[in-house]
Amino acid sequence: MGRVAMPFYVLYAGETLGLTGQLLGTVTFAFTKAGTLSNLFWGYLADRTGFRLVFLSSITLGQLQRLYWYFLRASWKYLSFLWV
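Report follows, based on the coordinates. Fair warning: this is a prediction, and the values are worked out from it, not measured in the lab.

### Considering the nonpolar core
The biggest cluster of nonpolar side chains holds seven residues, and these are M6, V10, A13, L19, L24, V27 and F31. Of all the secondary structure elements, the ones that give two or more residues to this core are α1 (6-17) and α2 (21-49). Ignoring anything within four residues of it in the chain, the contact list for M6 reads T28, F31 and T32.

Set out below in structure tokens:
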């Protein structure tokens, strides 16, 4: 369900940070690639520890990331956006 919001994060970054179309495309590509690679990790972890633990861990980490972005100042969002 978290992937549904991903295009809106990119639009938010473009609107708030004034990013160019090329940089927004690069960010979208990076998010897609990171999601693919992280699915391999989460799948492996779920096979080893069980689905419930991985599901709850991913939900918790996702909510912490959203809170981090909510409380971060605008000037640091740009650096954080490039780091993520």
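Further notes follow.
### Concerning α1
Helix length check: α1, at twelve residues, gives a terminal C-alpha distance of 16 Å against a target of 16 Å (1.5 Å per residue), a fit within 8%. Buried residues of α1: M6, V10, A13 and G14, and no others. Down the axis, α1 shows its buried residues gathered within 95 degrees of arc, on one side only. Residues F8, L11 and E15 are exposed on α1 and point more than 90 degrees away from its buried face.

### Regarding a nonpolar patch on the surface
A cluster of nonpolar side chains, namely L61, L64, L67, Y70 and F71, defines an oily patch on the protein surface of about 610 Å² accessible area. Tracing the chain through its elements places L67 in helix α3 (residues 51-71).

### A short note on α2
Taking 1.5 Å of rise per residue, 29 residues should cover 42 Å, and α2 covers 41 Å from first to last C-alpha, within 8% of that figure. The complete set of buried residues in α2 reads L24, V27, F31 and G35. Looking one or two places after α2, you find G50, whose phi comes out positive at around 115 degrees.

### Points about the packing of aromatic side chains
Scanning all chains against the criterion turns up two aromatic pairs. With a centroid separation of 5.4 Å and an interplanar angle of 65 degrees, the aromatic rings of F41 and W42 are classed as edge-to-face. With a relative accessible area of 46%, F41 lands in the partly exposed category. You can call W42 partly exposed: its relative accessible area is 22%. For the ring pair F51 and F55, a centre distance of 5.5 Å and an interplane angle of 20 degrees mean the geometry is stacked. Placement of both F51 and F55 in helix α3 is noted, with a separation of four residues, approximately one turn of the helix.

Basis of the calculations
Residues numbered from 1 in each chain as written. Predicted model: local features only at pLDDT ≥ 70, side-chain atom pairs only at ≥ 80, totals over all residues. Heavy atoms only, no water. Core = buried A, V, L, I, M, F, W, Y, C linked by side-chain atoms within 4.5 Å. Buried < 20%, exposed > 50% of the residue type's maximum accessible area, 1.4 Å probe, protein only. Helix = DSSP H or I, 4+ residues; strand = E, 2+ residues; numbered from the N terminus. Contact = heavy atoms within 4.5 Å. Expected span 1.5 Å × (residues − 1). Arc of directions from axis to C-beta. Patch = residues over 30% accessible without salt bridge, like charges linked within 9 Å, V, L, I, M, F, W, Y side chains within 5 Å. Areas by Shrake-Rupley, 256 points an atom, 1.4 Å probe, with all protein chains shown as cover. Salt bridge = Lys/Arg side-chain N within 4 Å of Asp/Glu carboxyl O. Phe/Tyr/Trp six-rings, centres within 6.5 Å; stacked < 30°, edge-to-face > 60°.

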